[in-house]
Amino acid sequence: MQKAFEFILEIIGWMAIVASPLLASIAIGIAVYLNNVDTTGLVIGISIVAIGLILGVVWATYVWKKHGTFEYISRIYGSPKTYPKCLFSNKVYNYKAVILFFFKLKKTANSEPI
């Protein structure tokens, strides 16, 4: 029973991961179609949506095999928003401290020499 419940959660997570690139590609496809309302625009719009669907399925399947979809989504939603990791290291920085530091540098760089 528990295995079936975990499998259902994995499928729900898989669909959520597929939905992300699919919804983005639907928005782009609609914009392309509305920009060129004819058969060519329709074909290009549908092609963009199909590419988004394929990328979503490939990405979700990769995540399912590598990490598990529910664990992956939990890590995304559970990550702290105010203390992001630095791109170049695993250190965590406070947004306010970094912004104040850069304003302080800018203020001293623009000031008159003594």
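Bear in mind that the values here come from a model prediction, so they are computed numbers and not experimental data.

Undergrad: Would you mind going over the overall build of the chain with me for this structure?
TA: Counting its secondary structure elements, the chain contains four helices and zero strands. Taken from the N to the C terminus, the helices and strands of the chain come in the order α-α-α-α. Per-residue burial for the chain yields a buried fraction of 15% across its 114 residues. Partitioning the intrachain contacts of the chain with sequence separation of at least 6 by distance along the chain shows that 54% fall at a separation of at least 24. A total accessible area of about 9400 Å² is found for the chain, and carbon and sulfur atoms account for 72% of it.

Undergrad: What is the right way to read the nonpolar core from this model?
TA: If you look at the biggest cluster of nonpolar residues, it comprises six residues: Ile17, Val18, Ala60, Val63, Tyr72 and Ile73. Of all the secondary structure elements, the ones that give two or more residues to this core are helix 1 (2-35), helix 2 (39-66) and helix 3 (69-78). Setting aside its immediate chain neighbours within four residues, Val63 contacts Ile17, Gly68, Thr69 and Tyr72.

Undergrad: Sorry if this is basic, but what is going on with the packing of aromatic side chains here?
TA: Geometry of an aromatic ring pair is reported as the spacing of the ring centres plus the angle between the planes. Evaluated as defined, the whole model comprises two aromatic pairs. Judged by centre distance (5.9 Å) and plane angle (50°), the rings of Phe7 and Trp64 are tilted. Separated by 57 residues along the polypeptide, Phe7 in helix 1 and Trp64 in helix 2 bring together distant segments of the chain. Residue classification places Trp64 among the partly exposed positions, given a relative accessible area of 30%. Aromatic pair Trp59 and Tyr72: ring centres 6.2 Å apart, planes at 85°, arrangement edge-to-face. Of the two residues, Trp59 sits in helix 2 while Tyr72 sits in helix 3, which places them 13 residues apart along the sequence. Given the relative accessible area of 18%, Tyr72 is considered buried.

Undergrad: I'm lost on the side chain of Ser25 in this one. Help?
TA: Mapped onto the elements, Ser25 comes out in helix 1. On the basis of relative accessibility, which here comes to 5%, the residue Ser25 falls in the buried class. Apart from residues lying up to four places away in sequence, Ser25 is in contact with Ile48, Val49, Gly52 and Leu53.

Undergrad: Is there a simple way to explain the confidence of the model for the chain in this structure?
TA: If pLDDT is low for a region, its predicted coordinates should not be looked at in detail. Averaged over all residues, the pLDDT of the chain equals 77, while 67% of them reach at least 70. Looking over the chain, one finds the lowest element-wise mean pLDDT in helix 4 (residues 95-110), namely 55, and the highest in helix 2, namely 93.

Undergrad: I keep staring at the environment of Phe70 and nothing clicks. Help me out?
TA: Assignment of secondary structure puts Phe70 in helix 3. Counting along the chain gives 60 residues from Phe70 to Glu10, while the straight-line C-alpha distance between them is 5.7 Å. Not counting residues up to four positions away in its chain, the partners in contact with Phe70 are Leu9 and Glu10.

Undergrad: Where do I start with helix 2 in this structure?
TA: Residues lying three or four places apart along an α-helix face the same way, a consequence of the helix completing one turn every 3.6 residues. For helix 2, with 28 residues, the first-to-last C-alpha span of 40 Å sits near the 40 Å given by 1.5 Å per residue. Along helix 2, the residues classified as buried are Gly41, Gly45, Gly52, Gly56, Ala60 and Val63. Phi turns positive, to about 100°, at Gly68, one or two residues after helix 2.

Conventions used here
Residues numbered from 1 in each chain as written. Predicted model: local features only at pLDDT ≥ 70, side-chain atom pairs only at ≥ 80, totals over all residues. Heavy atoms only, no water. Helix = DSSP H or I, 4+ residues; strand = E, 2+ residues; numbered from the N terminus. Buried < 20%, exposed > 50% of the residue type's maximum accessible area, 1.4 Å probe, protein only. Contact = heavy atoms within 4.5 Å. Areas by Shrake-Rupley, 256 points an atom, 1.4 Å probe, with all protein chains shown as cover. Core = buried A, V, L, I, M, F, W, Y, C linked by side-chain atoms within 4.5 Å. Phe/Tyr/Trp six-rings, centres within 6.5 Å; stacked < 30°, edge-to-face > 60°. pLDDT = per-residue confidence, 0-100. Expected span 1.5 Å × (residues − 1).

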